[in-house]
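Structural overview for review
Listed here are the chains, written in short residue letters.
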Amino acid sequence: MHAVQSAYEGDGERPLGGFLTLMGVYASAVGGAGLLARARGRSLPDRFTAGDLALLTLATHQASRLLTKDAVTAPFRAPFTRFAGSAGEGETMEEVRGEGLKHSIGELLTCPFCAGVWVATGFVAGGVLAPRLTRSAMAMLTAVFGSDVLHLLYDSAKHLPERAQPEE
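The following paragraphs examine the structure supplied in this document. (Residues numbered from 1 in each chain as written. Predicted model: local features only at pLDDT ≥ 70, side-chain atom pairs only at ≥ 80, totals over all residues. Heavy atoms only, no water.)

Scanning the chain for helices and strands turns up eight helices and two strands. Reading the secondary structure of the chain in the N-to-C direction produces α-α-α-α-β-β-α-α-α-α. The C-alpha atoms of the chain give a radius of gyration of 20 Å, which is well past the 15 Å a tight globule of 168 residues would have. Taken along the three principal axes of its C-alpha coordinates, the chain extends 65 × 45 × 25 Å. (Helix = DSSP H or I, 4+ residues; strand = E, 2+ residues; numbered from the N terminus. Rg over C-alpha atoms; globule rule 2.2 N^0.38 Å.)

Taken together, the side chains of Val149, Leu150 and Leu153 present a nonpolar region at the surface, about 280 Å² in accessible area. By the element assignment, Val149 lies in helix α7 (residues 131-158). (Patch = residues over 30% accessible without salt bridge, like charges linked within 9 Å, V, L, I, M, F, W, Y side chains within 5 Å. Areas by Shrake-Rupley, 256 points an atom, 1.4 Å probe, with all protein chains shown as cover. Salt bridge = Lys/Arg side-chain N within 4 Å of Asp/Glu carboxyl O.)

With that out of the way, let us pick up unusual backbone geometry. A positive phi angle is found at Glu89, which is not glycine, with a value near 50°. In this fold, Glu89 is placed in the loop between β1 (81-88) and β2 (91-96).

Right, let's talk about the environment of Leu66 for a bit. Its place among the elements puts Leu66 in helix α3 (residues 50-69). Residues Leu66 and Glu91, 25 residues apart in the sequence, show an inter-C-alpha distance of 8.5 Å. With sequence-adjacent residues up to four places away left out, Leu66 is seen in contact with Thr73, Arg77 and Leu141. (Contact = heavy atoms within 4.5 Å.)

We now examine the packing of aromatic side chains. Enumeration according to the criterion identifies one aromatic pair in this entry. Plain terms: the ring middles of Tyr26 and Trp118 are 5.2 Å apart, the flat faces sit at 65° to each other, and that makes the pair edge-to-face. Note that Tyr26 is positioned in helix α2 (residues 16-39) and Trp118 in helix α6 (residues 112-129), a separation of 92 residues in sequence. (Phe/Tyr/Trp six-rings, centres within 6.5 Å; stacked < 30°, edge-to-face > 60°.)

Further remarks concern the pairing of β1. As judged from the six bridges shared by β1 and β2, these two strands associate in the antiparallel manner. Bridging across to β2, Gly85 finds its partner in Met93. From the end of β1 to the start of β2, which pair antiparallel, there are two residues, and Glu89 there has a positive phi angle of about 50°. (Pairing = 2+ DSSP bridges.)

Contact geometry for α3 and α7: axes closest at 8 Å, N-to-C directions at 70°. Looking at the two axes, α3 sits roughly perpendicular to α7. Together, Asp52, Leu55, Leu56, Leu58, Ala59, His61, Gln62, Ala63 and Leu66 of α3 and Arg135, Met138, Ala139, Leu141, Thr142, Val144, Phe145 and Asp148 of α7 make up the contact between the two elements. Split by residue class, the contact of α3 with α7 holds 11 nonpolar, three polar and three charged. (Axes fitted to C-alpha atoms, helices over the stretch in contact; angles between N-to-C directions. Parallel < 35°, antiparallel > 145°, perpendicular 65-115°, else oblique. Nonpolar A, V, L, I, M, F, W, Y, C, P; charged D, E, K, R; others polar.)

Ranked by size, the top nonpolar core spans eight residues in total: Leu55, Leu56, Ala59, Ala63, Val119, Phe123, Met138 and Leu141. Sorting the residues of this core by element identifies α3, α6 and α7 as the ones contributing at least two each. Take this core: its biggest share by element is four residues, from α3. Excluding residues within four positions of it along the chain, Phe123 makes contact with Leu56, Ala59, Thr60, Ala63, Thr134, Met138 and Leu141. (Core = buried A, V, L, I, M, F, W, Y, C linked by side-chain atoms within 4.5 Å. Buried < 20%, exposed > 50% of the residue type's maximum accessible area, 1.4 Å probe, protein only.)

Applying the stated criterion to the full structure yields five salt bridges. Close ionic contact of Arg65 with Glu91 constitutes a salt bridge, the shortest N to O distance being 2.6 Å. Placement of Arg65 in helix α3 and of Glu91 in strand β2 is noted, with a sequence separation of 26 residues between them. Linking Arg77 and Glu94 is a salt bridge whose minimum nitrogen-to-oxygen distance equals 2.5 Å. Here Arg77 is found in helix α4 (residues 74-77), whereas its partner Glu94 is found in strand β2, with 17 residues between them in sequence. Take Glu94: its relative accessible area is 16%, and that puts it in the buried class.

Below you can see the structure in the form of structure tokens.
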């Protein structure tokens, strides 16, 4: 494994062992949720409606941004990251720190794309195991997403007169 990792990572650290561990945790969680669902007599839906997919998509987007970028959730990421500056609108930029598994966790906790897979999986599992609670959480996160979009549009609209002024 060491030879493969050395050949793969080049000049930067790419903790393949840590990533393998995280994939094992993910697979175990999915398997555990499947076994729990089976024990409770629950199964995956036959299909998802367009509305289900829209709710899942928007809630996943919002939750992954909250987990990986929100200033208020920084204490959860702090053991694995270093503050690198503000990313605007209540979001932070952070650098991953540490080695091995610690570095891998930092990568997961700072990447909304990476975290999105875990969040969506959690919502789908929650939809099977606790559908009312999960749907309510997804609806709330979708409303927050919509609110964020409106805040950004409102803020942008406030600055339209400034942008319309010709530069001197």
